[in-house]
Amino acid sequence: MLTMIRLELKKMLIRPISLMLILMILAVNGIILLLNNEGNFVTLQDIEMQRVEQSQYAGKINENWIGRIHETLKMIRENPDNLMSETEKARVRKEYLPRGYTQEHVENMDRTAFLKPELLNSLSYNLLLDAKYSAEFYNHAQQISDMQEELYRTVFEGKKGEDLATKAETMYGYLAQHYIAHYNYNLGWHKLNFMQSLMPFTVGLFLLVTISTIFSREYSQKTDSLILSAKYGKSRLIYAKLLAALILASGIWLTIQVMNLLVIGWLFSLQGGETFVQDWVVNSSPFALTQLTNYIAVSVVSFIGVIFFASVIILISAKTKSSFVSILISSIVLLFPVVIPLPGAGGVAGSIMGETMLFMPVRILIAANHFTFFRAYYILGKVILMQWVIPMVAIAASAFMVTIAIRTVKRHQVEN
Amino acid sequence: MELKINNLTKQYGSKLAVDRFSVTFTEGINGLLGANGSGKTTLMRIMCDILRPTSGEVLLDGVNITTLDEAYRELLGYLPQYFGYYPDFSAWDFMLYFSALKGLPKLTAENRCKELLDTVGLYEVRKKKIKTYSGGMRQRLGIAQALINDPKILILDEPTVGLDPKERAKFRNIISDYAIGKIILLSTHIVSDVEYIADRIMIMKNGQLSQQATTDRICDSIKDFVWSLQVAPKDVDSYNSRFIVSNLKHSGEMVELRIVSEERPSERAANVSPNLEDLYLYHFKGEV
């Protein structure tokens, strides 16, 4: 069995296209790791500066911490050295009037409107503003709690609405009232989270090219008659192929994850693992997860996603008789949710489409977005979180597809 | 050991590829002769358990091969007419792969690979990728993989395609040496492949078993139908259009014709002993 697995892996990996793809993927992933949000190469100096500046506010977000942040901000804003000269203030006031502001408003504008541009654009001031925004963590959590509660009670009537609202209220309520959030420098963790969105174009692409051929190539290059007439051709070989595909999928996924962790750890550092994940704009996670625990949760779901992704390819490979067709169909089926822009649809259609997207293997492979909002299903009178349902569905669907693939290969008839 | 084909039929749409075919194979070399499209490959695929028959069954010592499953395939060696290979594999990897597939323990597999690659003359180039091999080398590799598990039932579909005369002779010797105590089925439309080594010959036509006998008796059915005749060169076309001319040889001013015909082609024609090629032409005259 080990020889079969080893040689199946060799079959998939030794092809020139596979080798080229590995190098390309590692290179692209490596380059993107070195870029910042603006697409420029990051420098160790800039990162270190941010780390030092932000680290000085590290700590639990409690009344003392919030008070300290407000006090610091107040001191900066009241420092006359940070304020514009009277001439500049007059110029600023003058600029406001043509924009529709009243004379009274302009006369009563507070100091923040007259801070020097060099302060406004400075890293230290912006990080302080970030800390101030973080100080609103509990208020934001409470607002989301109230909104979600109202939403579920309005959209769903009766016990379903009540149960869903209670669940949302409980989770966000915990964040608002009992959870103690931490603040610290955590750029590395944000970068790690961002790198998850590249998974379809690294891990996904590699699997599409390598695993798509696992069965279809045997049919197309007419080795099926040799293998199926061999003693273990309809039994152990199929399992060896499946294991090889799963090893390959896990291996490339792990390689990319380890590469990301090592490069990000070296470049950005993994400081701030204890910080909260919510920004309350694109990430309103109801979970009391830190960057570290969130990364673990995302990785677990992403790993299930890669297995799901590979299982779809395996099934398509077993069903198609040409490697090219297998790659083509797999690419279309698996990558369309991230490559092809879907037309915006509202109402029921939009809702179904949005819901379906959550269950797409490629979305599960990314996984990061699944932990950024509250979603729960009301199943048999119980509220079950989407974050539990999706891995369960992915595992069940993977098992089902692999079973169908095994059956298909076992029943394959060599006809032409 | 007895391999029995029992009323086997395989139908593709309205076309009968194998039509109520029944035969019993015993130990020895069984040659299966037939023109292209006569159903040989389909029959062999069914015998190799890689194609389901529409009806009928293949029994090994009275047990259906689909019931025997792995136990049957363990005894089987198969060389298909057109088989693929893994272009980036070396011959060594290819052989090891099939050793594993056929359940050979690692050490046995390595010894067997070495022995067979040596036999087919590929041991020296075993580390080279198969995509660099010539057609003949690939065919020899195919033969080696078919023998890797020392099969008790060996099914060879057009095994000498792509081999040069020297390689074909060597192949015949390998199979002859190997045949003792085994059932070998060798399908071909190259008559000389089976003429020298087969113990029994079957002729398959339109999916049916047209004739079968031991090699020394197979030609008996046409013993009165093969003629030798000397004609003038201008008359050759006339004979060619009316009869099956199995051989044509210029002899001085005249041309010596070997004709397969149920009726005497000429008063001057002399009856001669038939050979397997005459028999083949007799059966497949419309398809040659």
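Residues numbered from 1 in each chain as written. Chains lettered and ligands numbered in written order. Predicted model: local features only at pLDDT ≥ 70, side-chain atom pairs only at ≥ 80, totals over all residues.

(A) Just the packing of helix α12 (residues 203–211) of chain A against helix α17 (residues 323–339) of chain A, in detail. Residues and elements named next belong to chain A. Between α12 and α17, the shortest axis-to-axis distance is 9 Å and the interhelical angle comes to 155°. Relative to α17, α12 is oriented roughly antiparallel. Helix-helix and strand crossings are classified by hand; for α12 and α17 the assignment is right-handed. Two secondary-structure elements touch here, α12 through G204, L208 and V209 and α17 through I327, S330, S331, L334 and L335. Taken together, the residues of the contact of α12 with α17 break down into five nonpolar, three polar and no charged. (Axes fitted to C-alpha atoms, helices over the stretch in contact; angles between N-to-C directions. Helix = DSSP H or I, 4+ residues; strand = E, 2+ residues; numbered from the N terminus. Parallel < 35°, antiparallel > 145°, perpendicular 65-115°, else oblique. Left-handed = near helix turned anticlockwise from the far one by under 90°. Contact = placed C-beta atoms within 7 Å. Nonpolar A, V, L, I, M, F, W, Y, C, P; charged D, E, K, R; others polar.)

(B) Just helix α6 (residues 135–147) of chain B, in detail. Along its 13 residues, α6 of chain B runs 19 Å from first to last C-alpha, staying within 8% of the 18 Å computed at 1.5 Å per residue. Within α6 of chain B, ten of the 13 residues are buried, which leaves the element mostly enclosed by the surrounding structure. For α6 of chain B, the complete set of buried residues consists of M137, Q139, R140, L141, G142, I143, A144, Q145, A146 and L147 of chain B. Tucked into the core, α6 of chain B has its buried residues touching α14 (224–228) of chain A together with β6 (76–79), α4 (91–101), α5 (106–119), β7 (153–157) and α7 (165–178) of chain B. (Expected span 1.5 Å × (residues − 1). Buried ≥ 20, exposed ≤ 12 C-beta atoms within 10 Å, placed from the backbone.)

(C) Structural detail: the sheet that holds strand β1 (residues 3–12) of chain B. Residue and element names in this part refer to chain B. Taken together, four strands build an open sheet; the order of strands is β2-β1-β4-β5 and the sheet is antiparallel. Looking at which strands have only one partner, the edges of the open sheet turn out to be β2 (15–25) and β5 (63–64). Here two bridges tie strand β4 (residues 55–60) to β5, and the two strands are oriented antiparallel to one another. The residue bridging L60 from the neighbouring strand is V63, located in β5. (Pairing = 2+ DSSP bridges.)

(D) Quick peek at the interface of chain A and chain B. Across the boundary between the two partners, chain A contributes 24 residues, which contact 28 residues of chain B. Elements with a minimum of two residues in the side of chain A that touches chain B: α1 (2–13) and α14 of chain A. Looking at the side of chain A that touches chain B element by element, the count peaks at five residues for α1 of chain A. Here the side of chain A that touches chain B is composed, by residue class, of ten nonpolar, eight polar and six charged.

(E) Looking closely at the pairing of strand β10 (residues 208–214) of chain B. Residue and element names in this part refer to chain B. Note that strand β9 (residues 200–205) and β10 share six bridges and pair antiparallel. Looking across to β10, one finds that R200 is bridged to T214. Two successive antiparallel strands, β9 and β10, enclose a turn made up of two residues, where N206 displays a positive phi of approximately 50°.

(F) Quick look at the domain arrangement of chain B. Each assigned domain of chain B is listed with its residue range as follows: domain 1 (3–220) and domain 2 (224–272). Summarising the inter-unit geometry, the C-alpha centres of domain 1 of chain B and domain 2 of chain B are found 37 Å apart. (Domains from an automatic or database assignment.)

(G) Geometry of the sheet that holds strand β12 (residues 244–251) of chain B. Residue and element names in this part refer to chain B. Strand order across the open sheet formed by four strands is β12-β13-β11-β14, with antiparallel pairing between neighbours. Strand pairing shows two members of the sheet lacking a second neighbour, β12 and β14 (270–271), which therefore form its edges. Sheet topology places strand β11 (residues 226–231) next to β14; two bridges connect them, and they run antiparallel. Residue pairing in the sheet places S228 in a bridge with A270 of β14. Packed on one face of the sheet, helix α10 (residues 276–283) meets β11, β12 and β13 (254–260) and runs near 135° to β12.

(H) Local environment of the pairing of strand β3 (residues 28–33) of chain B. Residue and element names in this part refer to chain B. When you tally the buried positions in β3, you get five out of six residues, the bulk of the element. As defined by bridge partners, β3 adjoins β9 across four bridges and the pair is classed as parallel. Across the sheet, residue G31 finds its bridge partner in β9, namely I201.

(I) Fine view of the environment of G233 of chain A. As for its position among the elements, G233 of chain A is in the loop between α14 and α15 (236–267). Each C-alpha atom, one on G233 of chain A and one on N193 of chain A, is 42 Å from the other, the two residues being 40 residues apart in sequence. Sequence-distant contacts of G233 of chain A, that is, excluding residues within four places in its chain, are made with I227 and L228 of chain A together with L101 of chain B.

(J) Region of the structure containing unusual backbone geometry. With a phi angle near 60°, K222 of chain A is a residue other than glycine that sits in the positive phi range. Within the element layout of this structure, K222 of chain A appears in the loop between α13 (213–220) and α14.

(K) Layout of the packing of helix α16 (residues 291–319) of chain A against α17 of chain A. All names here are of chain A. Remark: α16 packs on α17, axes separated minimally by 9 Å, with the N-to-C direction vectors making an angle of 140°. Here α16 and α17 pass one another in a crossing that is right-handed. Touching F309, V312, I313, I316 and S317 of α16 are S326, I329, S330, V333 and L334, all from α17. Looking at the contact of α16 with α17 residue by residue, the classes come out as seven nonpolar, three polar and no charged.

(L) Focus on the domain arrangement of chain A. Residue and element names in this part refer to chain A. According to the domain assignment, chain A contains domain 1 (2–46 + 182–410), domain 2 (74–134) and domain 3 (136–179). Averaged C-alpha coordinates put domain 1 and domain 3 at centres separated by 32 Å. Between domain 1 and domain 3, the contact holds nine residues from the first and 14 residues from the second. Residues of the side of domain 1 that touches domain 3, tallied by class, amount to eight nonpolar, one polar and no charged.

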